[in-house]
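Descriptive structure summary
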Amino acid sequence: MSSRKPLVAGNWKMHLTAAQGVSLVQNIDDFCRELKADVEVVVAPPFTAIHSASTVIDIDRMQLGLAAQNMHWEAEGAFTGEISPTMLTAARVGYVILGHSERREHFFETDEVINKKVKSAISHGISPILCCGESLDIRESGETLAFIEGQIRAGLEDVSAARATGIVIAYEPIWAIGTGKTATPKMAEEVCEHIRNILGDIFGTTIKANTRILYGGSVKAENAALFFAEKNIDGALVGGAALTAGAFNPIIAAAKT
Ligand code: PEP
C-alpha cells in the first residue's frame, strides 16, 4: 500500500432494503470507530436506500462515504427511470460507480456514455469510481493491457488534469466478479501499474502519483491483504462480501496501514 489513503468501497448492487442498509451502515460505523484506521470507507446502496443511509450517516456523524451505483449525465430532464447528479449531491453522495461491467454488459453502456457520465459527475463535484476490466477471452488472448488502456483513455477523454483530482479507478476483471475466482495479486498489480502509467501519460505526474486504483473481483477477508500489499493497489471495490458487516469489516481492517 502506498501513501495514498486506502479506500474500501462496498457495492451493494441490487441488494438490501433501506432498513437493512441503515443497519449495515451502523454496524460498519461501529467497527470503524473501534478500528480507528486511516481507511476511507464508502458504501454504494441502491437508489431506494441512499437517502436513509445518508440521513443516518449525517445524524450520527459517521465517517462513511456514500456512492451511487450509476447516474445519468444530465442534471434533469425527461429521462424516465434515471437519477441525476444534482439528485445525488442533494443526498450528500460523494462518489459514483461508473462503467461497472454489469452496466456495460446488461445495460449496453458504451465507453462514450461512460465518458459523458464521468465528465458530468466531475462537473457536479462527484468523484467517479471508473471501472475497467477484461473478459476471460481477452485475458486468454493476451490483450488485457491494451484493452484496459482503451477503456481508461475512452472513459477519461476530454477530462483535464485540473479536473482529474478526485477520480478513482477500479480494476475489475470480469471473470473474477462474483465468481469466487480472483486475479492473483501479481496479475492485478501488473494491470494497476499499467493504469497508473496511463494516468501519468494523460494527466502528468501528480495525478499519476495521487490517484487511487482499486482492485475488485471476489475480494474477501481471506485474500484482501494480499492485494493491499501491492504497490499500485490502494484498496478494493467489493461486491458480494460488502453485504454483511461480518464479511465487509475484516476487509476494512486488512486495509489498515
Ligand atoms: C463488483 O461487483 O464490483 C465486485 C467486485 O463483485 P464481487 O466482489 O462479488 O466479485
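The present account deals with the structure reproduced in this document. (Residues numbered from 1 in each chain as written. Predicted model: local features only at pLDDT ≥ 70, side-chain atom pairs only at ≥ 80, totals over all residues. Heavy atoms only, no water.)

Some words on the site of the ligand
- Near the ligand you find 14 residues, and of these Lys-13, His-100, Glu-172, Gly-178 and Ser-218 are the closest.
- Within the contact set of the ligand, an oxygen atom lies 2.6 Å away from a backbone nitrogen or oxygen of Gly-178.
- Within the backbone of Ser-218, one N or O atom sits 2.7 Å away from an oxygen atom of the ligand.
- Surface burial for the ligand is 96%, taken as the share of its 290 Å² of free accessible area covered by protein chains.
- Of the residues that constitute the shell around the ligand, the class distribution is 4 nonpolar, 8 polar and 2 charged. (Near = heavy atom within 4 Å. Polar contact = N/O pair within 3.5 Å; in protein donor to acceptor, adjacent residues only side chain to side chain. Areas by Shrake-Rupley, 256 points an atom, 1.4 Å probe, with all protein chains shown as cover. Nonpolar A, V, L, I, M, F, W, Y, C, P; charged D, E, K, R; others polar.)

A closer look at the pairing of strand E7 (residues 212-216)
- Of all 5 residues in E7, 5 are buried, a share of seventy percent or more.
- Burial along E7 is two-sided: Arg-212, Leu-214 and Gly-216 and Ile-213 and Tyr-215, pointing in opposite directions, are all buried.
- Pairing of strand E6 (residues 168-171) with E7, which is carried by 4 bridges, proceeds in the parallel orientation. Bridge pairing in E7 places Ala-170 opposite Leu-214.
- Two strands pair when backbone bridges link them, and E7 and strand E8 (residues 235-238) are joined in this way by 2 bridges, in the parallel orientation. (Buried < 20%, exposed > 50% of the residue type's maximum accessible area, 1.4 Å probe, protein only. Helix = DSSP H or I, 4+ residues; strand = E, 2+ residues; numbered from the N terminus. Pairing = 2+ DSSP bridges.)

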